[in-house]
Amino acid sequence: MLYVFHHFISIAGAFIGVCGKFPALICPLFLGELPVIFVDIQVLCELSGHKTVACLISPVSIVLWVIFRLGVVPFICVKIQNYLALHSLSDKNSFLLLVVIFASLSVMNLFWCVKLVKRSVKQLRKLKNQ
């Protein structure tokens, strides 16, 4: 339940941030949160005992995670960084901070993708053995 609450708060925070100074930086986070919906559904199905539904949703969440978190969002972030470097951020320290933030998010997303795949393989093995 804490997991679902955490993602609800992050989506609400991103929504509030859209009205702020840099909405272009917040919008990719909305795209990145799309696969999390399916991960949350998978977790809730596991907790409620619907193991087969969780196994069916698992590949969908992995595919969406790869598409959005490892494909679309980093591409958009690189485009935003290039735009900000040319037009908005004249201060090099601010630009380097953005590079560090987006690079660390990409590494974190790759780490979570590996964890999702391992978890899905573990679920499939359990379901197969039953």
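Note: the structure precedes this text.
Heads up: these notes are all about the structure in this document. (Residues numbered from 1 in each chain as written. Predicted model: local features only at pLDDT ≥ 70, side-chain atom pairs only at ≥ 80, totals over all residues. Heavy atoms only, no water.)

## Let's talk about the environment of I80
- Tracing the backbone shows I80 in helix α3 (residues 51-88).
- For the pair I80 and P28, spaced 52 residues apart in sequence, the C-alpha separation works out to 9.7 Å. (Helix = DSSP H or I, 4+ residues; strand = E, 2+ residues; numbered from the N terminus.)

## Some thoughts on the nonpolar core
- Membership of the largest hydrophobic core is limited to six residues, which are V36, V39, I62, W65, C113 and L116.
- The set of elements that each furnish at least two residues to this core consists of α2 (23-48), α3 and α4 (92-129). (Core = buried A, V, L, I, M, F, W, Y, C linked by side-chain atoms within 4.5 Å. Buried < 20%, exposed > 50% of the residue type's maximum accessible area, 1.4 Å probe, protein only.)

## Describing the pattern of salt bridges
- Summed over the entire model, instances satisfying the criterion amount to one salt bridge.
- With a shortest N-O distance of 3.1 Å, R119 and E46 are connected by a salt bridge. Pair noted here: R119 is in helix α4 and E46 is in helix α2, with a separation of 73 residues, a long-range link.
- Classification of E46 as partly exposed rests on a relative accessible area of 21%. (Salt bridge = Lys/Arg side-chain N within 4 Å of Asp/Glu carboxyl O.)

## Looking at the packing of aromatic side chains
- According to the stated counting rule, one finds one aromatic pair in the structure shown.
- On the numbers, 5.8 Å between centres and 70 degrees between planes, the contact of F111 with W112 is edge-to-face.
- Given the relative accessible area of 48%, F111 is considered partly exposed.
- On the basis of relative accessible area, W112 is assigned to the partly exposed category, the value being 38%.
- The ring of W65 carries R69 above its face, with NZ or CZ at 4.5 Å from the centroid. (Phe/Tyr/Trp six-rings, centres within 6.5 Å; stacked < 30°, edge-to-face > 60°. Lys NZ or Arg CZ within 6 Å of the ring centre and 35° of its normal.)

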